[in-house]
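Geometric and topological summary
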Amino acid sequence: MEKLVIEGGKPLKGRVRISGAKNAAVAIIPAALLADDKCRIENLPAIRDVLVLRDIMNGIGVKAELKETGTLELDSSGLDCWNIENGLVKELRASYYLLGALLTRFGRVTMPYPGGCDIGVRPIDQHIKGFRALGADVDIEHGLIKIRADRLVGKQIFLDVVSVGATINIMIAATMAEGITVIENAAKEPHVVDVANFLNSMGAEVKGAGTDVIRIKGVKQLHGTNYMVIPDQIEAGTYMIAAATIPGGDVVIENIIPKHLESITAKLIEMGIDVRENGDSVRVISRGRPRSTDIKTLPYPGFPTDLQQPITVLLSVAEGTSMITESIWEGRFKHVDELKRMGADIKVEGRVAVVEGIGKLSGASVYATDLRAGAALVIAGLIAEGRTEVGDIYHIDRGYEQLEDKLRCLGADICRTNT
Ligand code: EPZ
């Protein structure tokens, strides 16, 4: 069992470079199947979700080679499989993008239900609503999703909830549907825009991504492309919060798109943290104990749910009382029990957590319950007095490239051990 062992109390100082965006990468790789040709995808993060997707690709007849530089070369001319039996699809949520991609390519797809972080009920009814609207028959039998369409035809689709996954999946499925598809109440996250840009680089006609109405004009064929994935908004936000949590911290976070981080920057400034944007980097300076504030997670451009768990740590040592409302995932407070072992004073009632800021956390043995909970506990270990051990770090490896190496370069006392 691998663990991260952290001796806390050292402020972070230096520069850290942000990797490619996980949630863009995991959609772009399946979307590459739309071309029966070669795609070259650059700036992929070195994370487990990308490795799993590469293995799924190789398992269905695609030649997928991942270079050390983070470039994936995909040749899907040999792809002949629409029935995915590979259990690996259960290892990540984003395998649901194979539904949209294979449906478009073969007019049918069968696949087990996807897996992913346990952060609450994760329905895919809006994806299914979209596929059905485009003319597909969808059945769910014995844990398998079975979708079939003689032809896909563009439609106006209003999403009942703002869903990143449904927006991207419908966008993928509509690229070669006959006529025009309009997705209303679409998600506006940076990775939605990145996938649209990727599809357009393959010859698709997707307009309006980044707004809540996306228009897709179906084309007859898509071709291979070279594409570079955007930097990871959530990884960048995680390092901003880590830098802010430990007084005396002074970190320059490089290779970011500041616009994507506005809601995080605004919150940190509200808490008294010095945040300075400079081109494609941001410097975060922590001069002392932060002030409390309230947070409500919302779809982009609101405060991202994926940073709720890390910022809870910052609030747990802030001066005063903070209220956190988690409006996206009802099960995303599992890190709170672990933080309590470290002395945090947090009460959870339904979707609201009330955090009484305390002067310090103390090191303890804790477990990552999901990806961002893992990052949050590592940040807690960085500030805590004494030694913290974070177990179940396979969750962290799914989505953070070399977390402990990057933190060590910033002066943290952190190492991975195998017990
Ligand atoms: C994506 O999940 C991300 N995952 C999540 O990141 C992120 O937390 C989430 O978007 C919200 O930003 C990937 O991109 C792979 P949603 P997704 O569909 O697409 C409800 C991380 O830590 N909903 O936007 O699965 C749903 O219950 C992860 O990197 C439906 O009701 O999320 C939720 O309340 C974890 N029906 C809300 O919509 C549906 O069909 C938003 O979900 C789909 C979603």
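A few points on the structure. (Residues numbered from 1 in each chain as written. Predicted model: local features only at pLDDT ≥ 70, side-chain atom pairs only at ≥ 80, totals over all residues. Heavy atoms only, no water.)

**Focus: the sheet that holds strand β3 (residues 38–42)**
Spatially, β4-β5-β3-β13 is the arrangement adopted by the four strands of the open sheet, whose pairing is mixed. In this open sheet, the two edge strands, each paired with only one partner strand, are β4 (63–66) and β13 (226–228). For this sheet, the mean angle separating the axes of adjacent strands, direction not counted, is 15 degrees. Pairing analysis gives four bridges linking β4 to strand β5 (residues 72–75), with the strands arranged antiparallel. Residue pairing for β5: alanine 64 is matched across the bridge by leucine 74. (Pairing = 2+ DSSP bridges. Helix = DSSP H or I, 4+ residues; strand = E, 2+ residues; numbered from the N terminus. Axes fitted to C-alpha atoms, helices over the stretch in contact; angles between N-to-C directions.)

**Digging into unusual backbone geometry**
Note: most residues except glycine have negative phi, and most peptide bonds are trans. Following tyrosine 300, the chain continues into proline 301 via a peptide bond in cis, with omega recorded as 15 degrees. Inspection of the secondary structure assignment puts proline 301 in the loop between β17 (295–296) and α9 (308–316). Residue glutamine 402 is not a glycine yet carries a positive backbone phi of 45 degrees. Mapped onto the elements of the fold, glutamine 402 is located in the loop between α12 (394–399) and α13 (403–409). Judged by relative accessible area, glutamine 402 falls into the partly exposed class, the value being 44%. (Buried < 20%, exposed > 50% of the residue type's maximum accessible area, 1.4 Å probe, protein only.)

**Details of the packing of helix α1 (residues 22–31) against helix α6 (residues 190–201)**
Angle between the axes and distance between the axes are the two parameters that describe a pair of packed helices. It is at 9 Å that the axes of α1 and α6 come closest, and there the two elements cross at 30 degrees. Regarding the angle of α1 to α6, the classification is roughly parallel. Seen along the crossing, α1 lies across α6 with a hand that is right-handed. Judged by residue contacts, Asn23, Ala24, Ala27, Ile28 and Ala31 of α1 engage His191, Asp194, Val195, Phe198 and Leu199 from α6. Class assignment for the residues of the contact of α1 with α6 results in seven nonpolar, two polar and one charged. (Parallel < 35°, antiparallel > 145°, perpendicular 65-115°, else oblique. Left-handed = near helix turned anticlockwise from the far one by under 90°. Contact = heavy atoms within 4.5 Å. Nonpolar A, V, L, I, M, F, W, Y, C, P; charged D, E, K, R; others polar.)

Take it as geometry only, folks, not as evidence of what the structure does.
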